[in-house]
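Examination of the molecular architecture
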Amino acid sequence: RLSEPVTDFHYFSGLAFDFIDELLLEIDRVTKESPLRQMQTPGGYQMSVAMTNCGEVGWVSDKSGYRYSALDPLTGLAWPQMPPVFRQLASLAATKAGYPLFSPDACLINQYLPGAKMSLHQDKDENDFSAPIVSVSLGLSAVFKIGDMKRSDKLFSIPLHHGDVVVWGKSLRLAYHSISPIKSDNHPLLGQQRINLTFRKASF
Ligand code: MD5
Ligand code: FE
């Protein structure tokens, strides 16, 4: 399927630029309510990426596994609501990519400090694989790598920069992917960090 470099991948360079100020304000609000935290993997490691969520459900990991949860295990409360500007940007990108009905119920907020990475994995904890995933990159740049259905498949590199929005279509939903360790640098707006917003339809 991916013998040709990645298809069903829609890259909108700088699409988030007009939304940045509002996005940063809302990220502050969400992370005050449900703080960023480094979750434990089922294997007992601590992830280098710090995470939180907003929306009806949020992705969590601990010793008993990965899953979506309606409650934040740190606060015991529901996750913060998904801010309208988040929804607006996710819908705009999904519509441009040919998914006008995309209606995310989960937004994972990933914070990468220099050195943080996300090892090769598949996103398979969602119930609805017919929906795309929309991801918004803010702050420091990253190298994203994507393969195919097998861990051993050849990887293609895609640079992700501040303001970029990517829609991963349904034919890529189960492709292996990773984020290489973030290089130490300073971003004029976000400082020494990369933030990624990942919008998903997790429940049916
Ligand atoms: C990131 N996050 O930049 C990425 C953006 C995650 C994760 O991978 O699981 O939190 S999402 C990129 C993505 C999602 C689903 C499928 C594919 C890529 N893909 O098929 O390549 O923090
Ligand atoms: Fe992923």
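Residues numbered from 1 in each chain as written. Chains lettered and ligands numbered in written order. Predicted model: local features only at pLDDT ≥ 70, side-chain atom pairs only at ≥ 80, totals over all residues. Heavy atoms only, no water.

Things to note about the overall build of the protein
Scanning the protein from N- to C-terminus turns up 2 helices and 12 strands. The C-alpha radius of gyration computed for the protein amounts to 16 Å, which stays within 12% of the reference 17 Å derived for 204 residues, consistent with globular compactness. Within the protein, buried positions represent 54% of all 204 residues. Relative to all contacts within the protein whose residues are 6 or more apart in sequence, the contacts with residues 24 or more apart total 76%. Per element, the accessible surface of the protein, about 9800 Å² overall, is 54% carbon and sulfur. (Helix = DSSP H or I, 4+ residues; strand = E, 2+ residues; numbered from the N terminus. Rg over C-alpha atoms; globule rule 2.2 N^0.38 Å. Buried < 20%, exposed > 50% of the residue type's maximum accessible area, 1.4 Å probe, protein only. Contact = heavy atoms within 4.5 Å. Areas by Shrake-Rupley, 256 points an atom, 1.4 Å probe, with all protein chains shown as cover.)

Describing the site of ligand 1
Taken together, 19 residues are adjacent to ligand 1, and Tyr 112, Ile 146, Leu 172, His 177 and Arg 194 come closest. With respect to ligand 1, the side chain of His 177 contributes an N or O atom lying 3.0 Å from an oxygen atom. The separation between an oxygen atom of ligand 1 and a polar side-chain atom of Arg 194 is 2.9 Å. Coverage of ligand 1 by the protein chains reaches 98% of its 500 Å² of free accessible surface. Broken down by element, the residue count for the shell around ligand 1 peaks at 4 residues, all from strand S12 (residues 194–200). Its residues assigned to classes, the shell around ligand 1 shows 10 nonpolar, 6 polar and 3 charged. (Near = heavy atom within 4 Å. Polar contact = N/O pair within 3.5 Å; in protein donor to acceptor, adjacent residues only side chain to side chain. Nonpolar A, V, L, I, M, F, W, Y, C, P; charged D, E, K, R; others polar.)

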